[in-house]
Amino acid sequence: QLQASGGGLVQAGGSLRLSCAASGRTFSTYGMGWFRQAPGKEREFVAAISWTGGTTYYADSVKGRFTISRDNAKNTVYLQMNSLKPEDTADYYCAMDQAPLRLATTPLRYDLWGQGTQVTVSS
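Quick summary incoming for the structure in this document.

Definitions and limits used
Every chain is numbered on its own, with residues counted from 1 as its sequence reads. Local features in this predicted model are restricted to residues of pLDDT 70 or higher, and side-chain atom pairs are both shown and tallied only at a pLDDT of 80 or more, whereas totals for entire chains, interfaces and linings draw on every residue. Side-chain measures were taken over the full set of non-hydrogen atoms in the model, leaving aside hydrogen atoms and water. A run of DSSP states H or I qualifies as a helix once it reaches four residues; a run of E qualifies as a strand once it reaches two. Both are numbered from the N-terminal end. Atoms counted for the radius of gyration: C-alpha only. Globule rule: 2.2 Å times residue count to the power 0.38. Residue burial is assigned from relative accessible area. The probe radius is 1.4 Å, only protein chains are included, and a residue is buried under 20% of its type maximum, exposed over 50%, and partly exposed in between. Pairs of residues are marked as contacts when any of their non-hydrogen atoms sit within 4.5 Å. Positive charges are assigned to Lys and Arg, negative charges to Asp and Glu, while His and the chain termini are left out of the count. We put the charge of a Lys on NZ, of an Arg on CZ, of an Asp on CG and of a Glu on CD. Put simply, a disulfide is two cysteine sulfurs that come within 2.5 Å. At least two DSSP bridges between two strands are needed for those strands to be called paired. Every axis in this analysis is a line fitted to C-alpha atoms, fitted for helices over the stretch in contact. Angles between the N-to-C directions lie between 0 and 180 degrees. Any pair of N or O atoms that falls within 3.5 Å is considered a polar contact. Within protein, one atom must be able to donate a hydrogen and the other to accept it, and sequence-neighbouring residues count only if both atoms are side-chain atoms.

Time to look at the overall build of the protein chain. Helices and strands together make up the secondary structure of the protein chain, namely 0 helices and 11 strands. Mapped in sequence order, the helices and strands of the protein chain form the string β-β-β-β-β-β-β-β-β-β-β. For the protein chain, the C-alpha radius of gyration of 13 Å lies close to 14 Å, the compact-globule estimate for 123 residues. Each principal axis of the C-alpha atoms in the protein chain carries an extent, and together these give about 40 × 30 × 25 Å. The buried share of the protein chain, reckoned over its 123 residues, is 43%. Long-range pairs, those at least 24 residues apart, make up 58% of the contacts in the protein chain between residues at least 6 apart in sequence. Averaged over its 12 positive side-chain charges, the protein chain has a centre that lies 4 Å from the centre of its 9 negative ones.

As structure tokens, then:
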């Protein structure tokens, strides 16, 4: 089970930090990802982090502004979002890979999803 939190309303240029607490699997052996879905659009990849935290991937649209991290002692993954833009407005979902010890950027590789947390960036 994944529980996401931290969304909200922020002005352009502002920051938010999303958190996602996991339970039910050995968190430290699974890659984690963040995805987002804006109204009328398909779900898209935002960032992913390996089970150790040593490798990260980012979508080009967020590279340099967002940072994914994890704390395996707390079974939690984070997404620090800085310099937010109106086009970042979406529901953000954390997800856990369906297989251990790998890192994926396609949502098809993830089978455990959080409930989504809404991020709204005003101009």
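Turning to unusual backbone geometry, a few remarks are in order. At Asn75, a position not held by glycine, the phi torsion is positive, near 55°. Mapped onto the elements of the fold, Asn75 is located in the loop between β7 (66-71) and β8 (76-81). Overall, the relative accessible area of 27% leaves Asn75 in the partly exposed class.

The tally for this structure, following the rule as stated, stands at 1 disulfide. Two residues, Cys20 and Cys94, share a disulfide whose sulfurs are 2.1 Å apart. A torsion of 65° about the S-S bond marks the disulfide between Cys20 and Cys94 as right-handed. Here the residue Cys20 occupies a position in strand β3 (residues 16-22), and Cys94 occupies one in strand β9 (residues 90-97), the gap between them amounting to 74 residues. Residue Cys20 shares its accessibility class with Cys94, and that shared class is buried.

Attention shifts here to the sheet that holds β3. Taken together, 4 strands build an open sheet; the order of strands is β1-β3-β8-β7 and the sheet is antiparallel. Sheet topology places β1 (2-5) and β7 at the edges, where each strand pairs with a single neighbour. Pairs of neighbouring strands in the sheet enclose a mean axial angle of 15°, with direction left out of account. Across 4 bridges, the pairing between β1 and β3 is antiparallel.

On the secondary structure map, Trp34 appears in strand β4 (residues 32-37). Exposure remark for Trp34: the relative accessible area of 0% places this residue in the buried category. For the pair Trp34 and Ser123, spaced 89 residues apart in sequence, the C-alpha separation works out to 24 Å. At a separation of 3.4 Å, a polar atom in the side chain of Trp34 contacts the main-chain carbonyl oxygen of Tyr78.

So, on to the pairing of strand β11 (residues 117-122). In β11, alternate side chains face the same way, and those of Thr117, Val119 and Val121 are buried while those of Gln118, Thr120 and Ser122 on the opposite face are not. Two elements, strand β2 (residues 8-11) and β11, share 4 bridges in a ladder whose sense is parallel. Pairing of Gln11 across the sheet is with Ser122, part of β11. Both β9 and β11 contribute to a ladder of 3 bridges, which runs antiparallel. When the sheet's bridge partners are listed, Ala90 is paired in β11 with Val119.

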